[in-house]
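Listed here are the chains, written in short residue letters.
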Amino acid sequence: MKSRTLANLSLIIRHEARILVRDRTLPLVCCVLALMVGYGLFVGLAQATLRDRMVAQVEKHEQATQRANAGTLQSVLAGKSALVPFSNPANPAAMAGTLSGRFATIPNAPLATLAIGQSDMMPNYYRISYLSKVQFMYDTEIENPWNLLSGHFDLAFVIVFVLPLLVTTLGYNLLSAEREHGTLRMLCSQPLSVATLLTGKIVVRMLALLTIVIPLPIVVLLLVRPETRGAEQLGLMLSWSALVASYALFWFAVAALVNATGLPSSTNALIMVALWTLLVLILPVTMNLVVGLVSPAPSRTELASRTRVATAESLREYESLYSADYRYASDPEALLVKDKRIEVPSRMRAFFLAKQRVDEKIEPLLERFDQQLLQQQRLVDRLSLLSPAILVNEALNSIAGTDSRRFVAFKDQTEAFHEGWRRYFSPRILESRAMTVQDLSSLPQWHWIEIPASETRWSIWWRTALMLALAFMVGGVALARSSRGSAGF
Amino acid sequence: MFAIIAAKDIRELTRDGRLLWAGGLVVVLMLVALAAGWNRQLQLNSERSAGQALDYDAWLHQGYRHPHDAAEQGMHVFKPEPPLGVFDPGIGPFVGSTVWLQAHRQSEVKFRPAQDATGLQRFGELSPAWLLQVLVPLLIIVVGFNSLSGERERGTLRQLLSLGVPARSLLFGKAAALASCAGVLIAPVGIGFAVFLVARLSAGERLDAVYRIAWLAAGYGLYLGFFVFLTLAVSALVRSSRAALVLLLGFWVAATLIAPRTASETANLFYPTPSRLAFDDHLSHDIAEAAGKAWAAHFGVRSQWDPSLPLSKWGAALKVDDAAGYSALDENFGGLWDTFERQQRAQEWVGLVAPIVALRGFSMGLAGTDFSQHRDFSIAAETQRRKIQDIVSEDLIEHADPLGNAHFTYKAGPELWASVPPFKYQLPSVSFALAHHWTSLALLAVMFCLSVALAQYALSRPLMR
């Protein structure tokens, strides 16, 4: 019995493949998919390269500034060059502020090409100085807001939005067409179950789609981006493939279920498009609204007002330092290094201290913002169970390392580094210690610490498992219905 | 004849479950979107006007201090939400609403709400405009794809034509039926919202809002009309309902989902956006160069902190420095914003195949949430910043001379703070929006006419095949 089923299945697969190739549906759909995957990859690659280049530029900039600072410091200490009062690298307050070329950077994750995610909204570097966090933490890369609104045509878009539509094109009339042509009755008179027929038809279509959407990006990435060849990345690519396959399987299961209802082809197409609209367009957009309502972000206006209050208070607090005698302009010699000490102008000291106070005062509000983002993310994780599109999109972003979790980690690490930067300079500024050449090479260094891979892996695999379970559930119901003969024949 | 056909089709469509379910969903979503938008706007506007009043109040009551320190603290100004932002939030979430007017540098509008959002943000925002742009065309397709092909398949088309029904009546009757189905869903909510919105505005703003609403209605009418006639044309041209559905859905996906993204990617290739680092470097370089020249011309010194320039001239120096920077700022920010506008204009051509692109620009423009109006606000804010800088520098010039190195011990009082006028931003009028977006409207009109022509051609062909 079992061997006959298998023989039937392989017969159907071969037959179906032949028909689909002859009537040109399959080659056409495959070509469209290949084009889109190719374009999505191209966009992803261009974005990743752009961001790689930015980080490289920033690092180059940092090295150049450091070299320039070291050169100036040496010649100032040797008395060779004239003192520029507020750009003197021996002055720790100038070094901590205007002269510093320190950047906190987040590199692209190796698989960043696969999904652009949040990466166009979030900065991938911050310029670190003694300035207050509100002055630099909200800078982002320059981007046309219209483009941000439109979104990118990346591979994740092709998978989440377009793939289900192509599945619909290939699968809306799996059984209904046979019924409309009058061939279903004939097929059912053969020793062949409808479930086998349905499975065979789905296998052909699914294999055709998956042989394009999965290997193509992987091969291109392996060829073009050497950093994707590590064991961990290969593991991630495997989970990416499993995820994409399970998402496609889910939509084919939906097609099978719709076909098992026994309705005409155009009604089937309508039902599938309605489901797609609901799951891919309407639910995510509504969820976005719900997330904002259930867990609203603290007010940006409040942040601005609090910044103003904190700035005013801090300025007032250091009023006496701000309005001190300011003879350095006419007497730059006063800023010479003497016995490893330098007179840090009181106004510059006041700048440093005031910015520090602003941060201390704003900290609770900023913490609420971060907390809020984490809470929203948790809510999204829970709500994603309602829409396979959200589920897959979140997982694709986390594989690519362009999800908001990674950017929050970057923000956290930057804040810690900023703190460290201040801690390094604070005693030097307060005790008027001049910077030495050795100091320049011992400035705090930025190191990005990648978020734990195990966490990412786990979050991807449970999503894949969930997707598969959903697909099998829907598919199971479809097969059960079709074998009960409720498919309308 | 026309009316009979329309009435018959309307009756048929209302009996069909498609319209009931899909239309019901659209109406519910529309109400949710309006309520959410309204709630958001009320909250934002009260917060922003309170924030701005507080900031100005703090400026007036800051007591005695050095004017430049006051300028360092500066103040925040907030972009008011245009009344129609409820309908179409446009680029709002991606640009932020607050500008910090501080000494030395022009600030960008900061604190973008989208930065606080999760990955869901990129699926889009549920707004009435989004529903009308994306879902209602889909609804028209789903309801109307078989309106002519179905008649042919049932054989009723042959009967109709044998009775001598003119093709033109048939087309416009069917179009009227489809349009009134969409109208029944949109009009009550739309008119109710418009009346509610206009009634709440002050008398001075009402007329402007009414004009905007009327133009929006025209733009959306052309857009949805395009879909009505396209649906009928395809339904008449192809052999079966199934093929009509597949073709129309294919067009809808390509035009509303794929084209906008592809267009923005392509426009970026033609007019690349500079990187932040490059922009900042360029700006700093230009400012330094302009300042250097100005300092040399005015004071004969090579650098800002040249010992030969006494600190007592600091006010004058600051004024020269600022004025030199203004042109560099104008040039750099102006250049960047021009790039954005060029990118957008390049995309508008895509409106020729995907009318949603033209409509989106037009809708945002008329709602007051597009880039040109954002730019207008940014310029107004920068003008206010310069006003503050100039007042402060003038005062320093007046009071600095006898102070020598004790320049920063000078303190100005409330009279100086009061000489800075409060920032009042007037949203541009409807003519501003029309001047920027008439091409989009023209494009929509062309698309509409083309779709009518296509539908007429489709029906004038022998329908009895």
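Because the structure is predicted, anything quoted here is derived from the model rather than measured.

Basis of the calculations
- Residues numbered from 1 in each chain as written.
- Chains lettered and ligands numbered in written order.
- Predicted model: local features only at pLDDT ≥ 70, side-chain atom pairs only at ≥ 80, totals over all residues.
- Heavy atoms only, no water.
- Helix = DSSP H or I, 4+ residues; strand = E, 2+ residues; numbered from the N terminus.
- Rg over C-alpha atoms; globule rule 2.2 N^0.38 Å.
- Buried < 20%, exposed > 50% of the residue type's maximum accessible area, 1.4 Å probe, protein only.
- Contact = heavy atoms within 4.5 Å.
- Buried area = accessible area lost by both parts, 1.4 Å probe.
- Salt bridge = Lys/Arg side-chain N within 4 Å of Asp/Glu carboxyl O.
- Phe/Tyr/Trp six-rings, centres within 6.5 Å; stacked < 30°, edge-to-face > 60°.
- UniProt positions renumbered as here; feature names shortened; annotations may be inferred.
- Expected span 1.5 Å × (residues − 1).
- Polar contact = N/O pair within 3.5 Å; in protein donor to acceptor, adjacent residues only side chain to side chain.
- Axes fitted to C-alpha atoms, helices over the stretch in contact; angles between N-to-C directions.
- Parallel < 35°, antiparallel > 145°, perpendicular 65-115°, else oblique.
- Nonpolar A, V, L, I, M, F, W, Y, C, P; charged D, E, K, R; others polar.
- Pairing = 2+ DSSP bridges.
- Core = buried A, V, L, I, M, F, W, Y, C linked by side-chain atoms within 4.5 Å.
- Left-handed = near helix turned anticlockwise from the far one by under 90°.

### Some details on the overall build of chain A
Item 1. Looking only at helices and strands, chain A features 19 helices and two strands.
Item 2. The C-alpha atoms of chain A give a radius of gyration of 31 Å, which is well past the 23 Å a tight globule of 489 residues would have.
Item 3. A principal-axis box enclosing the C-alpha atoms of chain A has dimensions of 105 × 45 × 35 Å.
Item 4. Relative to its 489 residues, chain A shows a buried fraction of 59%.
Item 5. A sequence separation of at least 24 residues applies to 84% of the contacts in chain A between residues at least 6 apart.

### Examining the interface of chain A and chain B
Item 1. At the interface, 96 residues of chain A touch 90 residues of chain B.
Item 2. Buried surface at the junction of chain A and chain B, summed over both partners, amounts to about 8600 Å²; 63% is from carbon and sulfur atoms.
Item 3. When residues of chain A are sorted by the area they lose upon contact with chain B, Ile142, Trp146 and Arg308 of chain A head the list and together hold 10% of the total.
Item 4. In this assembly, chain A and chain B are joined by three salt bridges.

### Focus on the pattern of salt bridges
Any two side chains of opposite charge can pair, given that their charged atoms come close.
All names here are of chain B.
Item 1. Enumeration according to the criterion identifies 37 salt bridges over all chains in this entry.
Item 2. Notably, a salt bridge pairs Lys8 with Glu12, separated by 3.2 Å at the nearest N-O pair. Within this pair, Lys8 and its partner Glu12 are both found in helix α1 (residues 2-15), separated by four residues, close to a single helical turn.
Item 3. Residue Lys8 is classed as partly exposed on the basis of its relative accessible area, which comes to 32%.

### Describing the packing of aromatic side chains
The relation between two aromatic rings is expressed through the spacing of the ring centres and the mutual angle of the planes.
All names here are of chain B.
Item 1. Enumeration according to the criterion identifies 35 aromatic pairs over all chains in this entry.
Item 2. Ring geometry for Phe227 versus Phe251: centroids 6.1 Å apart, planes at 55°, classification tilted. Here Phe227, found in helix α9 (residues 203-237), pairs with Phe251, found in helix α10 (residues 241-270); they are 24 residues apart in sequence, far enough to count as distant.
Item 3. Residue Phe251 is classed as partly exposed on the basis of its relative accessible area of 24%.
Item 4. When the ring of Phe279 is compared with that of Phe333, the centres are 5.3 Å apart and the planes differ by 75°; the resulting orientation is edge-to-face. With a gap of 54 residues between them, Phe279 in helix α11 (residues 276-299) and Phe333 in helix α12 (residues 314-348) connect regions that are remote in the sequence.

### Some words on the side chain of Ser451 of chain B
All names here are of chain B.
Item 1. Assignment of secondary structure puts Ser451 in helix α16 (residues 430-460).
Item 2. A residue is classified by how much of its surface remains accessible, and Ser451, at 2% relative accessible area, is buried.
Item 3. With residues up to four places along the chain from it excluded, the contact list for Ser451 reads Gly225, Phe226, Phe229 and Leu230.

### Remarks on unusual backbone geometry
Working note: non-glycine residues mostly have negative phi, and peptide bonds are mostly trans.
All names here are of chain A.
Item 1. A positive phi angle, close to 55°, is found at Asp339, a residue other than glycine.
Item 2. For Asp339, the location among the structural elements is in the loop between α14 (319-322) and α15 (346-383).
Item 3. Overall, the relative accessible area of 73% leaves Asp339 in the exposed class.
Item 4. The backbone of Ser432 sits at a positive phi, close to 55°, despite the residue not being glycine.
Item 5. For Ser432, the location among the structural elements is in the loop between α17 (404-430) and α18 (437-441).
Item 6. Residue classification places Ser432 among the buried positions, given a relative accessible area of 16%.

### Looking at the UniProt feature "transmembrane region" (unreviewed entry) in chain A
Residues and elements named next belong to chain A.
Item 1. According to UniProt, the positions carrying the feature "transmembrane region" (unreviewed entry) are residues 26-46, 155-175, 202-224, 236-258, 270-294 and 460-480.
Item 2. Annotated as 81% helix and 0% strand, the span residues 155-175 places its first and last C-alpha atoms 31 Å apart.
Item 3. End C-alpha to end C-alpha, residues 202-224 measures 33 Å, and it is 96% helix and 0% strand.

### A word on α17 of chain A
Residue and element names in this part refer to chain A.
Item 1. The terminal C-alpha atoms of α17, which comprises 27 residues, lie 38 Å apart, in line with the 39 Å expected from a rise of 1.5 Å per residue.
Item 2. Of all 27 residues in α17, 20 are buried; the element is thus mostly enclosed.
Item 3. Ser432 occupies a position one or two residues after α17 and carries a positive phi of about 55°.

### Some remarks on the environment of Glu360 of chain A
Residue and element names in this part refer to chain A.
Item 1. Within the secondary structure, Glu360 is located in helix α15.
Item 2. The exposure class assigned to Glu360 is partly exposed, which follows from its relative accessible area of 44%.
Item 3. Sequence spacing of Glu360 and Ser132 is 228 residues, and the spatial spacing of their C-alpha atoms is 9.3 Å.
Item 4. Among the polar contacts made by the side chain of Glu360, one reaches the side chain of Arg357 at a distance of 2.6 Å.

### Considering the packing of helix α2 (residues 25-77) of chain A against helix α6 (residues 155-171) of chain A
Residues and elements named next belong to chain A.
Item 1. Where α2 meets α6, the closest approach of the two axes is 10 Å, and the angle between their N-to-C directions is 175°. When the axes of α2 and α6 are compared, the pair comes out roughly antiparallel. Within the contact between the two elements, α2 uses Thr25, Leu26, Val29, Val32, Leu33, Met36, Val37, Gly40 and Leu41 and α6 uses Leu155, Val158, Val162, Leu163, Leu166, Thr169 and Leu170.
Item 2. Class assignment of the residues belonging to the contact of α2 with α6 gives a composition of 13 nonpolar, three polar and no charged.

### Describing the pairing of strand β1 (residues 75-78) of chain B
Residue and element names in this part refer to chain B.
Item 1. Burial along β1 is two-sided: the face carrying Met75 and Val77 and the face carrying His76 and Phe78 are both buried.
Item 2. Inspection of the sheet shows β1 paired to strand β2 (residues 98-101) by four bridges, in the antiparallel sense. Paired with Met75 across the strands is Leu101, a residue of β2.

### Some remarks on helix α16 (residues 388-400) of chain A
All names here are of chain A.
Item 1. For α16, spanning 13 residues, the distance from its first C-alpha to its last is 18 Å, which sits close to the expected 18 Å at 1.5 Å a residue.
Item 2. Extensive coverage of α16 is indicated by the burial of 13 of its 13 residues.
Item 3. With its phi angle positive at about 70°, Gly401 sits one or two positions after the end of α16.

### Focus on the nonpolar core
Item 1. Ranked by internal contacts, the top residues of the largest apolar core, which has 193 residues, are Phe161, Trp240 and Leu281 of chain A.
Item 2. The greatest single-element share of this core, amounting to 15 residues, is contributed by helix α11 (residues 231-259) of chain A.
Item 3. Dropping the residues within four chain positions of it, Leu281 of chain A is found in contact with Phe161 and Trp276 of chain A together with Trp130, Val134, Leu135, Trp252 and Leu257 of chain B.
Item 4. Within the second largest apolar cluster, 51 residues are counted, among which are Leu73, Met137, Ala409 and Ile429 of chain A.

### What to know about the packing of α2 of chain A against α10 of chain B
Item 1. Axis separation between α2 of chain A and α10 of chain B bottoms out at 12 Å; the angle between their running directions is 40°. Between α2 of chain A and α10 of chain B, the interaxial angle falls into the category oblique. In this structure, α2 of chain A meets α10 of chain B at a crossing whose hand is left-handed. Counted together, Met36, Tyr39 and Val43 of chain A of α2 of chain A and Ile258, Thr262, Glu265 and Thr266 of chain B of α10 of chain B form the full contact between these two elements.
Item 2. Classifying every residue of the contact of α2 of chain A with α10 of chain B by side-chain character gives four nonpolar, two polar and one charged.

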